Structure formats: structure tokens, C-alpha cells
Amino acid sequence: VAVALHHLLAGRQVLHVALDHPVDRVRDYYDEIFSELAPTEALEDVPRTRQEIERNRRIHVFGPHTFSVERLEQTLQLFEQHAGQHPECLVVDGYDFERGSVEEVEGLKSLAAARGAELWMSARLRKAGSAEPIAAYDGLIDVLLRLKGDGSTVHLQLLKEHGRADGEGVGVDLDPTTLLLKRV
């Protein structure tokens with residue numbers, strides 16, 4: 001959501017594809033993060049900015065086992081043809097890298113590239129500390145971030161940036177509720 005809000009605050013269109021949460025939960029999370037972020041951004045007109053974000057953001061939910069590159073492409077075509085929406089950022093939230101395939105992720109990257117859009121994907125790792133499911137996709141991943149919580153904070157660590165593995169990586173601590181930078 002933070003990446004999407006960055007694009008939205010810059011006036012860009014975003015399509016948020018939710019694979020594991022209902023629309024209202026995703027929308028509520030955007031609202032919560034925006035409410036926390038707005039006072040720190042020195043926005044001239046918060047209600048107008050919120051309205052612009054709503055206008056430029058689309059949330060689309062795929063039910064269990066219904067997501068595919070082809071279905072996402074159809075969704076994008078509908079948005080383009082009937083709503084005049086041309087997202088510059090595609091967020092695929094909750095992708096199951098253990099059940100997915102390299103071919104599917106390649107298809108998603110191609111779909112985004114053909115539209116001049118950035119593709120951001122999130123994954124939840126089932127095994128604590130294990131990056132095994134992600135390792136198979138290493139050649140397709142340009143930027144890899146890891147979020148790891150301990151209850152009082154969430155540590156965000158940059159693991160890979162455009163082909164360069166950082167090993168320990170650069171990291172920052174985030175508030176566990178909002179995932180905004182933690183105030184110390």
C-alpha cells in the first residue's frame with residue numbers, strides 16, 4: 001500500500017489486485033495509512049488529495065484460485081476501455097509464490113511492461129526466515145524487500161536492488177500498525 005500511495009500522491013493511476021483480502025479491508029488499509037501519512041506530507045488540501053487518490057486508485061479482488069495473467073489482462077482492458085483508466089502501477093497483493101509459476105510471473109512482468117507500468121508484488125512466506133519459494137523467481141525480481149515483525153516494530157530490509165544482492169541489506173524500522181517509519 002505504501003508503494004501505491006507514493007504513486008497516487010504523485011497523481012499516477014494504480015490498480016491494486018488483492019488475492020487474499022476483500023475490497024473493504026484493502027480500502028480501509030489505504031484510508032488508515034493515508035490518515036497517518038497526510039499530516040507528515042504538508043498537503044495543501046487533504047480532502048481534495050483523498051478524492052484524487054480515490055479517483056486514481058482501483059481495487060480489484062480475485063477469488064481463491066481465480067487469478068491468472070489472462071484474467072488480469074481482461075480486467076485491465078475493461079478499465080482502459082470503459083473507465084479510461086491506464087494504471088502506471090500494478091500492485092499484486094498476496095501472490096502465492098509457492099503455487100505460482102515462473103511463467104506466470106514472467107507474464108505479469110510482460111503485461112506491466114507492455115503498458116509502461118511498474119509491477120509490485122507481495123508474498124507471505126509460510127516458513128519463518130525461508131526465502132525458498134522466492135529463490136525460483138530470483139532472475140525475475142528487480143527489487144526484493146523483506147518485512148519482519150517482532151511485535152513492537154517491523155523491520156524493512158532491502159535484500160536486492162536491480163540485480164545487486166545486498167546480503168544484510170539496508171534496513172529501517174516501521175510502526176507495526178501503519179508500516180510508516182517508526183518515530184524514535
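Scroll up to find the structure this text is about.
Rules used throughout
Residues numbered from 1 in each chain as written. Predicted model: local features only at pLDDT ≥ 70, side-chain atom pairs only at ≥ 80, totals over all residues. Heavy atoms only, no water. Salt bridge = Lys/Arg side-chain N within 4 Å of Asp/Glu carboxyl O. Buried < 20%, exposed > 50% of the residue type's maximum accessible area, 1.4 Å probe, protein only. Helix = DSSP H or I, 4+ residues; strand = E, 2+ residues; numbered from the N terminus. Contact = heavy atoms within 4.5 Å. Axes fitted to C-alpha atoms, helices over the stretch in contact; angles between N-to-C directions. Parallel < 35°, antiparallel > 145°, perpendicular 65-115°, else oblique. Left-handed = near helix turned anticlockwise from the far one by under 90°. Nonpolar A, V, L, I, M, F, W, Y, C, P; charged D, E, K, R; others polar. Expected span 1.5 Å × (residues − 1). Pairing = 2+ DSSP bridges.

K.L.:
Requested: an account of the pattern of salt bridges, with residues and values cited.
P.N.:
According to the stated counting rule, one finds six salt bridges in the structure shown. Across the salt bridge formed by Glu-54 and Arg-57, the nearest N and O atoms sit 3.0 Å from each other. Under the relative-accessibility criterion, Glu-54 is labelled partly exposed at 31%. The exposure class assigned to Arg-57 is buried, which follows from its relative accessible area of 5%.

K.L.:
For the side chain of Thr-49, give the residues involved together with the corresponding values.
P.N.:
With respect to the element layout, Thr-49 can be found in helix α3 (residues 46-56). Look past the residues within four positions of Thr-49 in its chain and what remains in contact with it is Leu-9, Phe-34 and Leu-43.

K.L.:
Got a sec to walk through the environment of Ile-33? Specific residues and values, please.
P.N.:
Locating Ile-33 in the fold gives a position in helix α2 (residues 23-37). The class of Ile-33 is buried, set by a relative accessible area of 3%. Placed 144 residues apart in sequence, Ile-33 and Thr-177 show a C-alpha to C-alpha distance of 9.0 Å. With sequence-adjacent residues up to four places away left out, Ile-33 is seen in contact with Val-1, Leu-5, Thr-178 and Leu-180.

K.L.:
Requested: an account of the packing of helix α4 (residues 69-83) against helix α5 (residues 102-114), with residues and values cited.
P.N.:
Orientation of α4 relative to α5, taken along the N-to-C sense of each, is 20°, at an axis distance of 10 Å. Here α4 lies roughly parallel to α5, going by the angle between them. Like other packed secondary-structure pairs, α4 and α5 cross with a definite hand, here right-handed. Contact residues: α4 offers Val-69, Leu-72, Glu-73 and Leu-76, while α5 offers Glu-104, Gly-107, Leu-108 and Leu-111. Among the residues forming the contact of α4 with α5, the class breakdown is five nonpolar, one polar and two charged.

K.L.:
Go over α5 with me, naming the residues and quoting the values.
P.N.:
Given 3.6 residues to a turn, an α-helix orients residues that are three or four positions apart in the same direction. Here α5 spans 18 Å end to end across 13 residues, near enough to the 18 Å set by a 1.5 Å rise per residue. Looking at the buried residues of α5, the elements they touch are α4, β3 (89-93) and β4 (118-121). Phi for Gly-116, located one or two positions after α5, is positive at around 65°.

K.L.:
Before we move on, can you summarise the sheet that holds strand β1 (residues 14-18) with the specific residues and values?
P.N.:
Neighbouring strands of a sheet are bound in pairs by backbone hydrogen bonds; such pairs are parallel or else antiparallel. Taken in spatial order, the four strands make up an open sheet running β2-β1-β3-β4, and their pairing is parallel. Each having just a single partner strand, β2 (57-61) and β4 make up the two edges of the open sheet. The sheet shows a mean angle of 15° between the axes of neighbouring strands, direction not considered. Summarising the sheet, β3 and β4 pair through four bridges and their orientation is parallel.

K.L.:
Quick rundown of unusual backbone geometry? Include the residues and the values.
P.N.:
Phi angles above zero are rare outside glycine, and Ala-42 is one such case at about 50°. Tracing the sequence through the fold places Ala-42 in the loop between α2 and α3. A relative accessible area of 69% places Ala-42 in the exposed class. Phi at His-65 is positive, roughly 60°, even though this residue is not glycine. Among the structural elements, His-65 can be located in the loop between β2 and α4. His-65 sits in the exposed class, given a relative accessible area of 77%.

K.L.:
Describe the packing of α2 against α3, with residues and values.
P.N.:
Contact geometry for α2 and α3: axes closest at 12 Å, N-to-C directions at 145°. Relative to α3, the crossing made by α2 is right-handed. Between α2 and α3, the contacting residues are Asp-31, Phe-34 and Ser-35 on the first element and Val-46, Thr-49, Arg-50, Ile-53 and Glu-54 on the second. Among the residues making up the contact of α2 with α3, the classes are represented as three nonpolar, two polar and three charged.

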